[in-house]
Amino acid sequence: MNDNFIREALERLEAEIDPVTRIRLNPERAVLDEALSAFERRGIEPLRRSRLLAVYILLSSALERHAAPLALEDADLTRRILDGDYLYSLYIQYTLKCKEEPLLKAMSPFVKKIQIARALGRTGEIRLLPVFEQVLADLREGA
């Protein structure tokens, strides 16, 4: 079943990403399986899972592109920054397109904290899935 959700999410994203960008998403299978398990634990309906997985992939990919320390001698620096910015913008657009505005609003403080920390030169592992899962749980309780 996970194969179908993953395939559908990646197909959705392939249709959303402008080919001119040449951005390729290569999320790890284990990460996707873990996210789908979290969605199932939180009682997310099957029809919504591939959309949420696509949203999750976009956000995690944007954060990943911006994760490496900034070094002027990095030949790929401009590309990583532009790709990360593009993916973050697409995350916002796609989340709204999927009518997941409450999720977008609830995730914003977490994303902003990461952006500020990185601007201040702080790096470190980001635990996106636990926050994403908690936001889904909070939204479900508030519904």
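Look a little higher up for the structure.
The structure presented is a predicted model; accordingly, all values stated were derived computationally and were not measured.

**Student:** Any chance you could explain unusual backbone geometry here in plain terms?
**Tutor:** Excluding glycine, residues mostly have negative phi values, and the peptide bonds linking residues are mostly trans. At Arg22, a position not held by glycine, the phi torsion is positive, near 55°. At Lys99, a position not held by glycine, the phi torsion is positive, near 60°. Among the structural elements, Lys99 can be located in the loop between helix H4 (77–97) and helix H5 (101–119).

**Student:** So what exactly am I meant to see when it comes to the nonpolar core here?
**Tutor:** As a rule of thumb, nonpolar side chains are buried together in soluble globular proteins. Counting residues in hydrophobic clusters, the biggest one holds 39 residues, and the most contacted among them are Phe39, Leu53, Leu103, Met107 and Phe132. Among the elements of the structure, helix H1 (2–16), helix H2 (29–41), helix H3 (46–65), H4, H5 and helix H6 (128–142) are those that each provide at least two residues to this core. Sort the elements by how many residues they give to this core and H3 lands first, with 10 residues. Excluding residues that lie within four positions of it along the chain, Met107 makes contacts with Leu59, Tyr91, Leu128, Val131, Phe132 and Val135.

**Student:** Which parts of the structure should I look at to understand the layout of surface pockets?
**Tutor:** Rolling a probe over the atoms, with the probe sized like a water molecule, indicates the empty space that remains. Looking at the largest pocket, its volume works out to about 570 Å³. Taken together, 23 residues make up the lining of the largest pocket; nearest its centre are Val31, Tyr56, Ser60, Glu64 and Ile126. Sorting the residues of the lining of the largest pocket by element identifies H2, H3 and H6 as the ones contributing at least two each. Per element, the largest residue contribution to the lining of the largest pocket is seven residues, and it comes from H3.

**Student:** Help me understand the pattern of salt bridges, please; the structure alone is not making it clear to me.
**Tutor:** When the charged atoms of two side chains lie near each other, side chains of opposite charge can form a pair. Summed over the entire model, instances satisfying the criterion amount to 11 salt bridges. As a salt-bridge pair, Arg12 and Glu8 come within 2.8 Å of each other at their nearest N and O atoms. In this pair, Arg12 and Glu8 both sit in helix H1, four residues apart, roughly one turn of the helix. The class of Glu8 is partly exposed, set by a relative accessible area of 32%. Close ionic contact of Asp33 with Arg29 constitutes a salt bridge, the shortest N to O distance being 3.1 Å. Residue Asp33 and its partner Arg29 are both found in helix H2; the two are separated by four residues, about one turn of the helix. Asp33 gets classed as partly exposed once you look at its relative accessible area, which sits at 22%.

**Student:** Help me out: how do you make sense of the side chain of Arg49 in this one?
**Tutor:** Tracing the sequence through the fold places Arg49 in helix H3. Buried charged residue Arg49 carries no salt bridge. Nearest counter-charge: Glu40, at 4.4 Å.

**Student:** What's the story with H1 in this structure? I'm lost.
**Tutor:** Here H1 contains 15 residues, and its C-alpha end-to-end distance of 21 Å stays within 8% of the 21 Å for a straight helix at 1.5 Å per residue. Taken residue by residue, H1 has Phe5, Ile6, Ala9 and Leu13 as its buried positions. On an axial view of H1, the arc spanned by its buried residues comes to 95°, and they lie on one face. Of the exposed residues in H1, the ones pointing more than 90 degrees away from its buried face are Glu14 and Ala15.

Each value, and the rule that gives it
Here, residues in each chain are numbered from 1, in the same order as that chain's written sequence. Under the rules for a predicted model, residues below a pLDDT of 70 receive no local features and side-chain atom pairs below 80 are neither given nor counted, while totals for whole chains, interfaces and linings still include all residues. Excluding hydrogens and water, the side-chain figures rest on all heavy atoms present in the structure. Secondary structure counts use DSSP, requiring at least four H or I residues in a row for a helix and at least two E residues in a row for a strand, with both numbered from the N terminus. The criterion is simple. A nonpolar core is a set of buried Ala, Val, Leu, Ile, Met, Phe, Trp, Tyr and Cys residues joined through side-chain atoms within 4.5 Å. For each residue, the accessible area found with a 1.4 Å probe, counting protein chains only, is set against the maximum for its type, and the residue is called buried under 20%, exposed over 50%, and partly exposed in between. Contacts are assigned to residue pairs that have any heavy atoms within 4.5 Å of one another. Think of a 1 Å grid over the protein atoms and nothing else: a 1.4 Å probe that fits but is trapped marks a cavity, an open set flanked by protein within 12 Å on at least five of seven lines marks a pocket, and residues with an atom within 4 Å of a point count as lining. Grid points are joined across faces, edges and corners, and a volume is the space filled by probe spheres set on the points. Each reported salt bridge corresponds to a side-chain nitrogen of Lys or Arg within 4 Å of a carboxyl oxygen of Asp or Glu. Here the positive residues are Lys and Arg and the negative ones are Asp and Glu; neither His nor the chain ends is included. Here the expected length of a helix is defined as 1.5 Å per residue gap, with one fewer gap than residues. By construction, the arc corresponds to the directions joining the helix axis to the C-beta atoms.

Nothing here speaks to function; it is geometry throughout.
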